[in-house]
Amino acid sequence: MIKKIAAYIEKLWTASIRRQLILGIVAVHAVLMTIFVFDLVHRQQTFLHDQGVAQTQSLAESLAANSTSWVLANDVLGLEEVVLSQTKYPGLKFAMIISPLGRVLAHNDLSVVGKYLQDENSKTLIDAGHNIRILQQSKDIIDIAAPVIANGQHIGWARVGISRDDVTQNLQIATRDGFLYTSGAIAVGVLFAVFMARGMTRSLKHMVEVANELQQDGKNSRIEVNRADELGTLGTAFNALADVVDKREDELRHHRDHLEELVDERTRYMLKEMGERKSAEEKVKMILNSAVDGIITADPHGTITSFNRAAEQIFGYSVIEVTGKNLSILMPEQHSSVHDNIMAEYLKTGEKKVIGVGGREFQAKRKDGSIFPMELAISELKNETTHLFTGIVRDITERKEAEQKIQDTMEALQTTQAELVQAEKMASLGGLVAGIAHEINTPIGVGVTATSHLKEQAFNLEKTFNDGTMRKSDFKSFIETATQSTTIISANLDRASDLIKSFKQVAVDQSSQEARSFNLLGYIDEVLFSLRPRIKQTKQKIEVSGDRDLIVESFPGPISQIVTNLIMNSLIHAYDADDEGCIRIHATGNGELVHLTYSDDGKGMDEETVNKIFDPFFTTKRGSGGSGLGMHILFNQITLTLGGTVKCQSTPGEGTTFELTFPALKEA
Ligand SMILES: Nc1ncnc2c1ncn2[C@@H]1O[C@H](COP(=O)(O)OP(=O)(O)OP(=O)(O)O)[C@@H](O)[C@H]1O
Ligand SMILES: [Mg+2]
């Protein structure tokens, strides 16, 4: 109950500031003014009372003094006069002189003179000593008795009663006025409170409105500050706070915008990344599935974890059928039984026999049980999170078939090639024979012509000799013819013989040559020495240079032939009879190969000649001793006998160079 009342009061009290102010001022004024008025009235009352008492006392004392002689004289009339003189005193209710025993000696009311006073107050005076006595002091009356003393003898009492009606009336007026002032003060206070409260509440209301606007409408309102008091300060502070809030809000908005941007950007990035990752995964999947080779992954237990499309096609299994199965289902019996052991061995030792060693050929088994050859390359992927093996499988059935076909074809080709070589040999032999026939035809033909001419001359001479008509001149003529003819025949037979020698060289069986170890440049010097008679006829110098210590193990015969042919060609083809020139031979070796450079500074050759120089029977000196076999023989010797190469480089007017290369060590 008390709580309820307290709550109600609190509610009433805190409902509005105006009410608080008004109630506060009313309460304060009421309490203070009441206290003040009471205090004032009380003081006034006390003061008036004390004053009244003092006046009454002095009046009683003066009455006592004035009446002393009359009491002594027992002059009732005199006393009466003295008493009556007091009646003019304002508010005097009674004045009397009484004997110590209480008999009225004089009184303003003559009717009581001579009587004894019987009231209680008066009775207290009998035998009461001779001090002044206050008999009664009430709101109506002050009754004081002053002793009448003569010569130290107490001879009576002068008693005065003053009415207090006017004092009471005054006090009532003072009290009434006090309450009037209090009410007035309360009214003025309330008015002031209302006025103050209105001003304050208006300001506060304005603040509340502005705050609401700020809060709800988002308006950028501010409080109108038109007061210098605390409310004005509060308004200014509020505005400053609103500014700060605005600023913070702006900053927040800015931050929020920035955050939103960041979130957007991050979201876009994540989406992109997710998309990229997804597309990357899909790409990997696509790549795996578009691979021509089968790609199979398995864990270290040999359990299949992925199987691409090509693998599906190769093995005839679908990815669902094999995922989670052991790899051994893809192997024929002989592999599958050892597979697990190989795997365990690898995991234990890390020794690479199959894994990580590139493609190797194995037998594999399809779903239908058929066995086929495959090439398998296994790689291992191992990191903190993953450990798997990737096998790249290629069905090499077709390749194997193709290889077999190639093998067959190769064999057929080799047979054909042998046949062709044979045919070529025959053809070139035919060409050679034709060439030989053609070449030999000339000297033989000339010889035959000379022989038949000689024969004819001999026949004619024989005839004249038999007829006996032979003259000396006939015989002489015959001898001349015979000499000329035999010279021609002899020359042409020599020529034919030379040709045949050359042919023999062309056809020489290369393998019949014998290899030996010799100093190359020393040997070349010997060859040149043997050619000295021929060289002496010309104006050419020959310079030999290079590695003087170069020992080769080769065929000296062909080398002699090669050098001879080159020198003879230079002497015959590169220079005219009176030309001076220099032929250079330079030989070096690197342990495996010998490089021999032969050059002359003669006429050189045009491109066509260079291109045909090694062809058999190619010569620019046909009819003047050239057979066109020299370079052909050289080519055969260097390539077939020595197992090397030869290159000719020549420019008309600038000489000719031959680069020859052949192994320094002839393998046995
Ligand atoms: N050093 C050279 N300078 C210029 N021309 C050359 C030289 N060596 C060869 N020839 C040209 O190459 C041709 C072929 O030479 P090759 O030695 O085969 O035949 P040949 O010398 O004409 O006859 P053979 O050597 O059979 O007697 C020669 O006719 C010549 O025209
Ligand atoms: Mg020649």
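An account of the accompanying structure is given in this report.

Rules and cut-offs
Residues numbered from 1 in each chain as written. Chains lettered and ligands numbered in written order. Predicted model: local features only at pLDDT ≥ 70, side-chain atom pairs only at ≥ 80, totals over all residues. Heavy atoms only, no water. Patch = residues over 30% accessible without salt bridge, like charges linked within 9 Å, V, L, I, M, F, W, Y side chains within 5 Å. Areas by Shrake-Rupley, 256 points an atom, 1.4 Å probe, with all protein chains shown as cover. Salt bridge = Lys/Arg side-chain N within 4 Å of Asp/Glu carboxyl O. Helix = DSSP H or I, 4+ residues; strand = E, 2+ residues; numbered from the N terminus. Pairing = 2+ DSSP bridges. Axes fitted to C-alpha atoms, helices over the stretch in contact; angles between N-to-C directions. Contact = heavy atoms within 4.5 Å. Core = buried A, V, L, I, M, F, W, Y, C linked by side-chain atoms within 4.5 Å. Buried < 20%, exposed > 50% of the residue type's maximum accessible area, 1.4 Å probe, protein only. Lys, Arg positive; Asp, Glu negative; His and termini not counted. Charge placed at Lys NZ, Arg CZ, Asp CG, Glu CD. Phe/Tyr/Trp six-rings, centres within 6.5 Å; stacked < 30°, edge-to-face > 60°.

### A word on a nonpolar patch on the surface
At step 1: On the surface, a cluster of nonpolar side chains totalling about 870 Å² of accessible area is made up of Met 1, Ile 2, Ile 5, Tyr 8, Ile 9, Leu 12, Trp 13 and Leu 23.
At step 2: The leading source of residues in the nonpolar patch is helix α1 (residues 2-14), at 6 residues.
At step 3: Counting through the fold element by element, Leu 23 comes out in helix α2 (residues 17-72).

### Quick notes on the sheet that holds strand β9 (residues 371-382)
At step 1: Taken in spatial order, the 5 strands line up as β7-β6-β10-β9-β8 in an open sheet, and their pairing is antiparallel. Of all the strands in the sheet, the pair left with one neighbour each is β7 (304-307) and β8 (360-365). This sheet shows a mean twist of 35° between the axes of neighbouring strands, independent of strand direction.
At step 2: Alignment of β8 against β9, held across 6 bridges, turns out to be antiparallel. Its bridge partner lying in β9, Glu 361 is registered against Glu 375.
At step 3: Strand contacts of helix α9 (residues 333-349): β8, β9 and β10 (387-395), with the helix running at about 145° to β10, the strand carrying the most contacts.

### Let's talk about the pairing of strand β2 (residues 104-107)
At step 1: Pairing between strand β1 (residues 92-98) and β2: 3 bridges, direction antiparallel. Pairing of Ile 97 across the sheet is with Ala 106, part of β2.
At step 2: Connecting β1 to the antiparallel partner β2 that follows it, the hairpin turn spans 5 residues, and Gly 102 within it adopts a positive phi of roughly 100°.

### Re the nonpolar core
At step 1: Counting residues in each nonpolar core, the largest one holds 40 residues, and the members touching the most others are Leu 520, Ile 567, Phe 658 and Leu 660.
At step 2: Mapped onto this core, the elements with two or more residues apiece are α12 (520-530), α14 (556-574), β14 (580-589), β15 (593-600), α16 (630-641), β16 (645-650) and β17 (656-663).
At step 3: With 7 residues, the top contributor of residues to this core is α14.
At step 4: Leave out the neighbours within four places in its chain, and Leu 520 touches Leu 550, Val 552, Ile 559, Ala 587, Val 594 and Leu 596.
At step 5: Counting 24 residues, the second largest nonpolar core, distinct from the first, contains Ile 296, Ile 314, Ile 355 and Phe 362.

### A few points about a positive patch on the surface
At step 1: Judged by side-chain charge, Arg 18, Arg 198, Arg 202 and Lys 205 come together as a positively charged surface patch.
At step 2: Ranked by residue count, the leading element in the positive patch is helix α5 (residues 165-217), at 3 residues.

### Brief notes about the packing of aromatic side chains
At step 1: Taken as a whole and assessed by the stated rule, the structure comprises 7 aromatic pairs.
At step 2: Each ring, one from Phe 38 and one from Phe 179, has its centre 6.0 Å from the other, and the planes form 85°; the classification is edge-to-face. Here Phe 38, found in helix α2, pairs with Phe 179, found in helix α5; they are 141 residues apart in sequence, far enough to count as distant.
At step 3: Ring centres of Tyr 346 and Phe 389 lie 6.0 Å apart, and the angle between their planes is 75°; this geometry places the pair in the edge-to-face category.

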